[in-house]
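Geometric and topological summary
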Amino acid sequence: MRSTIFLMLSMILVSSGCLDSLKDELISCENSVGECRYEILQDGKYSKLHIEIDYVSGYEPSSEAIDLLRQRINEVTDKNSVTISQDSFGSTDNSYSLQEILDIESSQRTKFKDGDEFVIHILYLNGEFEDNENTLGLAYKGSSFAMFQEKIEDAAFLFISAQDIEKAVLVHEYGHLLGLVNMGYTSPHDHEDPEHPHHSNNEESVMYWAVESQDFYNQLDGEPPNNFDSYDLDDLNLMRQGKL
Ligand SMILES: [Zn+2]
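Residues numbered from 1 in each chain as written. Predicted model: local features only at pLDDT ≥ 70, side-chain atom pairs only at ≥ 80, totals over all residues. Heavy atoms only, no water.

**Structural notes on the packing of aromatic side chains**
Applicable threshold: Ring pairs are drawn from Phe, Tyr and Trp, using the six-membered ring of Trp, whenever the two centres fall within 6.5 Å, and their geometry is named by plane angle: stacked under 30 degrees, edge-to-face over 60, tilted for the rest. Here a strand is any run of E in DSSP of at least two residues, a helix any run of H or I of at least four, and the numbering for each starts at the N terminus. Using a 1.4 Å probe on the protein chains alone, a residue whose accessible area is under 20% of its type maximum counts as buried, one over 50% counts as exposed, and one in between counts as partly exposed.
Scanning the model with the defined rule gives four aromatic pairs in all. An angle of 65° between the planes, with centres 5.4 Å apart, marks the rings of Tyr46 and Phe118 as edge-to-face. With a gap of 72 residues between them, Tyr46 in the loop between α2 (37-41) and β1 (48-56) and Phe118 in strand β4 (residues 117-125) connect regions that are remote in the sequence. In this pair, the class of Tyr46 matches that of Phe118, namely buried. Considering the side-chain rings of Phe129 and Phe148, the 6.0 Å spacing of their centres and the 40° angle between planes classify their relative orientation as tilted. Within this pair, whereas Phe129 is found in strand β5 (residues 128-129), its partner Phe148 is found in strand β7 (residues 144-148), the two being separated by 19 residues in sequence.

See below:
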């Protein structure tokens, strides 16, 4: 009897160790898009933000787009420091599944949240997203998204440059990491497009669905928007203040 109790106790002790790591894994904001919104917007837990960018050689981000992202981050968060690092890697693939994107992030990403610094990871890829060839950008985890830079270059036409499109897609995917629209919270404003969940119904918002699709030129007049609209900004402000 005593040995049975001892065995049961040791089993509970062993499994509670496993449970702890499982719990960490389950409650980590990294697991789903929008879940790290407070970590990114507020400065209480993380006063610094680092952006790690890994790009396929030849498909590096434009400095203008990175500058705009930094500007948008400064406009909507309380961070007292925003740093950016970039590195290239080679790829022989040209059509990426979500699993392949996750694997590439695992092999390329070097920085993770630590101490008072939160880290966002951005992959710049050649080729296309296997599930939808119109995809220009894809937010797939709480702190990471991918940019399909070759598709962005292909989408440029007439007076709309690849850089204009890249700026809009970059801010759009960043907006998804912040929870826009209605990812894990409910906005006091009626601005989610019922036809395209988690996107704005305002085509002048960077969170309009067509911004991340090669279809945008059928849906938008002129260059895609690269700024949040007043409802997006109000949501972000309320979340930043902990009121939403
Ligand atoms: Zn989107």
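**Considerations on the nonpolar core**
For clarity, the threshold we go by: We define the nonpolar core as a collection of buried residues of types Ala, Val, Leu, Ile, Met, Phe, Trp, Tyr and Cys that are connected through side-chain atoms lying within 4.5 Å of one another. Only heavy atoms enter the contact rule, under which two residues are in contact if any of them lie within 4.5 Å.
Counting residues in hydrophobic clusters, the biggest one holds 51 residues, and the most contacted among them are Ile40, Ile120, Ile122, Phe145, Leu170, Tyr174 and Phe228. If you list the elements that add at least two residues to this core, you get α2, β1, α3 (63-76), β4, β7, α5 (149-155), α6 (162-177) and α8 (230-240). Looking at this core element by element, the count peaks at seven residues for α6. What Ile40 contacts, discounting residues up to four positions off in sequence, is Leu49, Thr77, Lys79, Phe118, Ile120, Gly142, Tyr174, Leu177 and Leu178. In terms of nonpolar packing, the next biggest core, distinct from the first, is built from 13 residues, Tyr59, Phe89, Ala146 and Phe148 among them.

**Focus on the environment of Ile66**
Along the chain, the position of Ile66 falls in helix α3. Considered as a pair, Ile66 and Lys167 are 101 residues apart in the sequence and their alpha carbons are 7.8 Å apart. Once residues within four sequence positions are removed from consideration, Ile66 is found in contact with Ile53, Pro61, Ile84, Gln86, Tyr124 and Leu170.

**Observations concerning the coordination of the zinc ion**
As a reminder, the rule being used: Metal donors: N, O and S atoms at distances within 2.8 Å, or within 3.2 Å for Na, K and Ca, with water omitted from the atom set so that some sites may seem incomplete.
Binding of the zinc ion to the protein goes through His172 (NE2), His176 (NE2), His199 (NE2), Glu212 (OE) and Glu212 (OE), at separations of 2.0 to 2.8 Å. For the zinc ion, all donor residues lie on one chain, and their spacing in sequence is H-x3-H-x22-H-x12-E. Of this pair, His172 sits in helix α6 while Glu212 sits in the loop between α6 and α7 (216-219), placing them 40 residues apart in sequence. Like His172, the residue Glu212 is buried in the burial classification.

**What to know about the pairing of strand β6 (residues 137-141)**
Quick note on the threshold: Here, a strand pair is defined by DSSP locating no fewer than two bridges between the strands.
With four of its five residues buried, β6 lies for the most part within the structure. Here β6 runs beside β7; their pairing, made up of four bridges, is antiparallel. Within β7, the residue paired with Leu138 across the bridge is Ala146. The turn linking β6 back onto β7 is made up of two residues.

Geometric values such as these leave the question of function open.
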